[in-house]
Amino acid sequence: MRLFHLPVMLASIIVAAPSSAQSNQAADVPVLALVSAFSNARAQFDAKALDALLTSDYVEVSPVGEVDRRQEVLGFYAPDKATPAPPLTLGTDDVRRYGDIAVVVGSVNFSIPGPNGATVKRSMRVTYVARRVARHWLMASTQYTGVRPTGPGQ
């Protein structure tokens, strides 16, 4: 009789257990604030701000597929290397938290001048991985993937 109760009890625990991946709008605010601050620091070529936002082992996959470590990223965003960037629109599609790790899937949209003078819209998907260190969220990794343009003349 006891053997029957063990599987039933285990099944009820599994069904009642909350998912290990959770998203909670209030708890997501600090993670989304990190994504915003990180994106702003990049757009402004603010290596000092980026330095404060990145984990010591930060790594990213750039839009062209290169793997860049923390020091390479900070060097790329040095103020003397700043180039004009088009205005960016950030989107967030999904936030998942796994304890002290958060994964944010989002998008970056922008417009650039096209070959005939018209404006061309472009988009990238971005996966951000944040890690809570002490009481602060820091960016541990990002990956940028270009979205193939659609429509005529794209």
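This text goes with the structure placed above it.
Residues numbered from 1 in each chain as written. Predicted model: local features only at pLDDT ≥ 70, side-chain atom pairs only at ≥ 80, totals over all residues. Heavy atoms only, no water.

J.: Can you help me understand the pattern of salt bridges in this one?
T.: Pairing between side chains of opposite charge can happen when their charged atoms approach one another. Summed over the entire model, instances satisfying the criterion amount to seven salt bridges. A salt bridge links arginine 42 to glutamate 60; its shortest N-O distance comes to 2.7 Å. Of this pair, arginine 42 sits in helix α2 (residues 25-43) while glutamate 60 is found in strand β1 (residues 54-61), placing the two residues 18 residues apart along the sequence. This pair shows no difference in class: arginine 42 is buried, exactly as glutamate 60 is. (Salt bridge = Lys/Arg side-chain N within 4 Å of Asp/Glu carboxyl O. Helix = DSSP H or I, 4+ residues; strand = E, 2+ residues; numbered from the N terminus. Buried < 20%, exposed > 50% of the residue type's maximum accessible area, 1.4 Å probe, protein only.)

J.: Could you clarify how one ought to interpret the pairing of strand β4 (residues 101-113) in this entry?
T.: A regular strand carries its side chains on alternate faces of the sheet. As defined by bridge partners, strand β3 (residues 89-98) adjoins β4 across nine bridges and the pair is classed as antiparallel. Across the sheet, the residue bridging to tyrosine 98 is isoleucine 101, located in β4. The loop that links β3 with its antiparallel partner β4 comprises two residues; one of these, glycine 99, has a positive phi angle of about 65°. The turn linking β4 back onto strand β5 (residues 119-133) is made up of five residues, and glycine 117 within it adopts a positive phi angle of 90°. (Pairing = 2+ DSSP bridges.)

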